[in-house]
Amino acid sequence: MRIISGKHKGRRIVAPKKLPVRPTTDMAKEALFNIINNHFNFSDLNVLELFAGTGNIGYEFGSRGNTRVIAVDADYGCISFIRKTATELELDITPIKSDAFSYLERCNTTFDIIFADPPYNLSQENFEKIATQSFQKNILDEEGMLIIEHSKHTKLDHVINFSFSKHYGGTTFSFFQYEIEEETEEEEEI
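These figures come from a predicted structure and were not determined experimentally. (Residues numbered from 1 in each chain as written. Predicted model: local features only at pLDDT ≥ 70, side-chain atom pairs only at ≥ 80, totals over all residues. Heavy atoms only, no water.)

A.B. asks: Kindly report on the side chain of D73, identifying the contributing residues and their values.
C.D. replies: Relative to the elements of secondary structure, D73 occurs in strand β2 (residues 68-73). Lacking a salt bridge, the buried D73 has K97 as its closest oppositely charged neighbour, with an N-O distance of 7.9 Å. Once residues within four sequence positions are removed from consideration, D73 is found in contact with F51, A52, G53, C78, I79, I96, K97 and S98. (Helix = DSSP H or I, 4+ residues; strand = E, 2+ residues; numbered from the N terminus. Buried < 20%, exposed > 50% of the residue type's maximum accessible area, 1.4 Å probe, protein only. Lys, Arg positive; Asp, Glu negative; His and termini not counted. Salt bridge = Lys/Arg side-chain N within 4 Å of Asp/Glu carboxyl O. Contact = heavy atoms within 4.5 Å.)

In structure tokens:
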């Protein structure tokens, strides 16, 4: 895998083969960050990366600006790799060893972006739970974005605050945002 933009652009990162991961492809990652770039300024974001694996997405955020990333994964090997790599790259990434759902349950911080890349074979119910927990616990900033990576066979367009999805080969990114209520003319006059 490589970092596609920012101060570490072109830097290759080689993860140990023994890690239980499926990193986001460079093509899909580049398309994802083109979308994110249209919505956010990377200079001051709080990002939560769930099911972080190698930390691939967190490195990309960190390389692009003054971004603080919390990387959550249940695998000790993944957490150790993220800690080592973030230190080498001098990125503000805090790895936390935890089950993603347990972390969401006890989290008391708000994030501008939550990115979740669970195993593609996760149950439909658990994919939906990522979104419902994020919104019910108010972990996502009201102008923030939740992004869930999943296979094209998983459908999330019926889940709370679904906004849109994009497909890249066998990978789909589903985007969730709070609905922004627009004031009507009558409300403005009051």
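A.B. asks: Residue-level account of the packing of helix α1 (residues 26-37) against helix α2 (residues 56-63), with values.
C.D. replies: Where α1 meets α2, the axes come as close as 12 Å, and the angle between the chain directions of the two elements is 45 degrees. Judged on the interaxial angle alone, α2 and α1 are oblique. Remark: the crossing between α1 and α2 carries right-handed chirality. Of the residues in α2, those in contact with K29, L32, F33 and I36 of α1 are N56, I57, E60 and F61. Classifying every residue of the contact of α1 with α2 gives five nonpolar, one polar and two charged. (Axes fitted to C-alpha atoms, helices over the stretch in contact; angles between N-to-C directions. Parallel < 35°, antiparallel > 145°, perpendicular 65-115°, else oblique. Left-handed = near helix turned anticlockwise from the far one by under 90°. Nonpolar A, V, L, I, M, F, W, Y, C, P; charged D, E, K, R; others polar.)

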